[in-house]
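One-letter residues, chain by chain:
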Amino acid sequence: MIELRLYLHGDDREAERLRELIAGEGFRLVDTPGSDAPKTLLAGFEESLPAGASRETMARRIEEMERTILELRNLDVAKSQFLTNVSHELRTPLTAIVTYGEVLRDGLLGEVNARQREAIESMINSCRQLLSMIEEILMYARTNARAIELQPSEFQLTDVVGHVYDMNASLIQQKSLHYEAKVNGALPQVWADRDKVVHVLGNLIGNAIDFTPHAGTLRVEARRSPENPAWLEVVVEDSGIGIDPRHHEMIFQEFAQVDSSRARMHHGTGLGLAIARKFVQLHGGKIWVESTLGSGSRFFFTLPSVEAGERLGAA
Amino acid sequence: MSGDADLPRVLLVEDNEAIRGAFSILLEESGYRVVQAASGAEALHASAAERPHLILLDLGLPDMSGLEVARTLRAREETGSTPIVALTGRALETDAEACMAAGCTDYLTKPIDTEQLLRVLAGHLDG
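Just so you know, these numbers come straight off a predicted model, no measurement behind them.

## Observations regarding the overall build of chain A
When you go through chain A residue by residue, the secondary structure sums to 9 helices and 7 strands. Looking at chain A as a whole, 43% of its 315 residues qualify as buried. For chain A, the exposed area adds up to about 16700 Å²; of that, 52% sits on carbon and sulfur atoms.

## Quick look at the pairing of strand β4 (residues 217-224) of chain A
All names here are of chain A. As judged from the 6 bridges shared by strand β2 (residues 178-183) and β4, these two strands associate in the parallel manner. Bridge pairing links Ala181 to Val220 in β4. Pairing of β4 with strand β5 (residues 231-238), which is carried by 7 bridges, proceeds in the antiparallel orientation. Counted as the bridge partner of Val220 is Val236 from β5. Between the antiparallel neighbours β4 and β5 lie 6 residues.

## Structural notes on the interface of chain A and chain B
Note: interface size is frequently given as the accessible area lost on complex formation between the parts. Counting residues at the interface gives 23 residues for chain A and 22 residues for chain B. Roughly 2000 Å² of surface becomes buried between chain A and chain B when both sides are summed, with 62% attributable to carbon and sulfur atoms. Counting every contact that joins chain A to chain B gives 1 salt bridge. The shortest N-O distance in the salt bridge between B:Asp113 and A:Arg128 comes to 4.0 Å. Between chain A and chain B we count 2 residue pairs in polar contact (both at pLDDT 80 or more) in total. Among the secondary structure elements, those contributing two or more residues to the side of chain A that touches chain B are α4 (55-105) and α5 (114-144) of chain A.

## Brief notes about the confidence of the model for chain B
Averaged over all residues, the pLDDT of chain B equals 87, while 91% of them reach at least 70. In the predicted complex, the global pTM is 0.57; the interface-specific ipTM is 0.71.

## Here's the deal with the packing of aromatic side chains
Residues and elements named next belong to chain A. Counting across every chain of the model gives 3 aromatic pairs over all chains. On the numbers, 4.5 Å between centres and 35° between planes, the contact of Tyr165 with Tyr179 is tilted. One end of the pair, Tyr165, is in helix α6 (residues 157-174); the other, Tyr179, is in strand β2, with 14 residues separating them in the sequence. The interplanar angle of 75° and the centroid separation of 6.2 Å between the aromatic rings of Phe252 and Phe299 together place this pair among those described as edge-to-face. Taken together, the residues span a long stretch of sequence, with Phe252 in the loop between β5 and α8 (260-265) and Phe299 in strand β7 (residues 297-304) at a distance of 47 residues. Under the relative-accessibility criterion, Phe252 is labelled buried at 4%. On the basis of relative accessible area, Phe299 is assigned to the buried category, the value being 7%. If you follow Lys196 out to its NZ or CZ, it ends over the ring of Phe279, 5.8 Å from the centre.

## Re the environment of B:Arg20
All names here are of chain B. If you trace the backbone, Arg20 turns up in helix α1 (residues 17-29). Spatially, the C-alpha atom of Arg20 lies 9.9 Å from that of Asp58, the residues being 38 residues apart in sequence. Contacts of Arg20, omitting those with residues within four sequence positions, involve Leu12, Glu14, Asp15, Gln36, Ala37 and Ala38.

## Some words on the nonpolar core
Residue and element names in this part refer to chain A. Counting 41 residues, the largest nonpolar core has Leu201 and Phe301 as the members making the most contacts within it. At 8 residues, the largest contribution of residues to this core is made by helix α7 (residues 194-210). When sequence neighbours within four positions are dropped, the list of residues in contact with Phe301 reads Val200, Leu201, Leu204, Leu232, Glu233, Val234, Val280, Lys286 and Ile287.

## Overview of the pairing of strand β2 (residues 33-37) of chain B
All names here are of chain B. Note that strand β1 (residues 9-13) and β2 share 5 bridges and pair parallel. The residue of β2 that forms the bridge with Val13 is Ala37. Considered for its hand, the β-α-β crossover made up of β1, α1 and β2 is right-handed.

## Section: the sheet that holds strand β6 (residues 287-291) of chain A
All names here are of chain A. With respect to topology, 5 strands assemble into an open sheet ordered β2-β4-β5-β7-β6, the strand pairing being mixed. Two strands lie at the open edges of the sheet, namely β2 and β6, each paired on one side alone. Ignoring strand direction, the axes of neighbouring strands in this sheet form an average angle of 15°. Taken strand by strand, α7 contacts β4, β5, β6 and β7, and its axis lies near 20° from that of β5.

## Some points on the pattern of salt bridges
Throughout the structure, instances matching the rule amount to 18 salt bridges over all chains. In this structure, A:Glu307 and A:Arg224 form a salt bridge, with 2.9 Å as the shortest nitrogen-oxygen distance. Separated by 83 residues along the polypeptide, A:Glu307 in the segment after β7 and A:Arg224 in strand β4 bring together distant segments of the chain. Here A:Glu307 falls in the partly exposed class, since its relative accessible area comes to 43%. The partner of B:Arg33 in a salt bridge is B:Glu50, and the shortest N-O contact between them spans 3.7 Å. Here B:Arg33, found in strand β2, pairs with B:Glu50, found in helix α2 (residues 40-50); they are 17 residues apart in sequence, far enough to count as distant. Its relative accessible area of 25% is what places B:Arg33 among the partly exposed residues.

## What to know about the sheet that holds strand β5 (residues 106-109) of chain B
All names here are of chain B. Ordered by their spatial adjacency, 5 strands build an open sheet running β2-β1-β3-β4-β5, and the pairing between neighbours is parallel. Looking at which strands have only one partner, the edges of the open sheet turn out to be β2 and β5. Pairs of neighbouring strands in the sheet enclose a mean axial angle of 20°, with direction left out of account. Relative to strand β3 (residues 54-58), β1 runs parallel, the two sharing 4 bridges. Residue pairing across strands places Val10 opposite Leu54, the latter belonging to β3. Sheet strands in contact with α1 are β1, β2, β3 and β4 (84-88), and its direction is about 165° off that of β2. Running at roughly 145° to β2, α2 makes contact with β1 and β2 of the sheet.

How each quantity is defined
- Residues numbered from 1 in each chain as written.
- Chains lettered and ligands numbered in written order.
- Predicted model: local features only at pLDDT ≥ 70, side-chain atom pairs only at ≥ 80, totals over all residues.
- Heavy atoms only, no water.
- Helix = DSSP H or I, 4+ residues; strand = E, 2+ residues; numbered from the N terminus.
- Buried < 20%, exposed > 50% of the residue type's maximum accessible area, 1.4 Å probe, protein only.
- Areas by Shrake-Rupley, 256 points an atom, 1.4 Å probe, with all protein chains shown as cover.
- Pairing = 2+ DSSP bridges.
- Contact = heavy atoms within 4.5 Å.
- Buried area = accessible area lost by both parts, 1.4 Å probe.
- Salt bridge = Lys/Arg side-chain N within 4 Å of Asp/Glu carboxyl O.
- Polar contact = N/O pair within 3.5 Å; in protein donor to acceptor, adjacent residues only side chain to side chain.
- pLDDT = per-residue confidence, 0-100.
- Phe/Tyr/Trp six-rings, centres within 6.5 Å; stacked < 30°, edge-to-face > 60°.
- Lys NZ or Arg CZ within 6 Å of the ring centre and 35° of its normal.
- Core = buried A, V, L, I, M, F, W, Y, C linked by side-chain atoms within 4.5 Å.
- Right-handed = clockwise from strand over helix to strand, strands pointing away.
- Axes fitted to C-alpha atoms, helices over the stretch in contact; angles between N-to-C directions.

Here it is, written out as C-alpha cells:
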C-alpha cells in the first residue's frame, strides 16, 4: 500500500484512519480537527468520493493528494528560500551604508562637527535597527523552514548572561537601568546551542530594556528548574509596563504586538518572541511570562543541563 | 604616496563594490595599504602577486566558496601562514568551526563594527 507512506511518518492516528479508508470502510470516521494540509485533504478526499467508490478511484485520489502535498511542501520551501535570499540581498547594501557612516563619523574623511556626528550617528542607528529586523525575518524564515539544526555544546549560563549584558551594556547605561544578574556559579553546565541561547536571552533582555522606563530595574537570574532539577531556568525580570494576562499567549505568536501604536515606537518585527519560543522548543524547553499591566514582567525559559537524561542531537 | 610600501598590506576580498569601497577607505585611513579583490579568482591571483600581511575574506563570493579560497590559500606556501580573517554575512550560517577548519584565523559577522575590525586586524598583525 504505497499510498500509506506519506501518512505513516506523520501522525499515527491519521495513518490509522487512512488504513480504514483503504479498506473501504469507516469513511465517516474522518474529521478535520486542524487546518493543516494532510487533514484537510483527507476530509476533502472523503467528501469528494462518490458513495461506494471503487478501490481504483480511491487509489487515484490518494495519489493526487500525495502530489498536492508534495507541491505544497516544495512551495513552502521555495517561499522560505526566497525570504532568505531577499533578506540577504537587503543586508548587503545596508552593511555598506553602516560602514561608510562609521568612516564618516570617525572623521576618517575629514573632521566632522558635533551636530554632524549626531546626524551620522542617528543614520547608523537606524540602519542597525533595520538590519536587526531583517535579521529577524531571515531567522524566522529559516526556523519556519525547519532548516535550523542545533549545534549543542556544554557551557555555563554565566558566560551567556555576561555576554548578553556586554551586548546591551550601553543601552542599559543610557536608560540608567539598575541591572542585577544572579547566576549561581555552582549550576551545572547547560547542553544547548550557545548562539540560540544568546539570541533568546538577548531578545528577552532587549524587550525588557525597551519596555522599562528610565531608571527602572532589570534582573536576570539562572537557577535550577523547580519542576525538574536536571533542567535550568532563566528568569528575566523588569519593572516595565507589564503585559495584560490576556496577551500572555499571543505575544509568542508570529507578528503579534500587543499594542501596535506603542510597538511602533519600539523596534521590532513582532517576530522576536516567536523565534525565541521556537529556539527554546527546539531544545525541548518551555518559555512563558508572568506579568500584569503596570507591574513589570517576568519571562522564563528552561534549558536542559548536562545532567538531563536525554541529550538532543549530540554534535 | 611615499612610504606606502612600508605599510602593512591587507588583501580585501569582497564582491560587493560598495562594501569594498567602504572597507578600503576605513583601512587606508587607518594606516594600511589595501589590495582589493572582487572574486575568489582575483583573491588567489592577488595573494600570490602582492604577498599581503593579512587577508580579509568575505565568504560569500560569486565564483567560488570563500572556504574554498581559504583552503587554497592555506595550502600555498606563500600564504600558508598569513592570517585570514573571514567576514560572514548570514546569521546562523556562520559556522565558526567550518571557518577554522578551512584555515581561517578569525572571523567576523556582518555588519562589521569598524572599531572591532580594526582591533582584530591590529591583533593579528602584531602577533
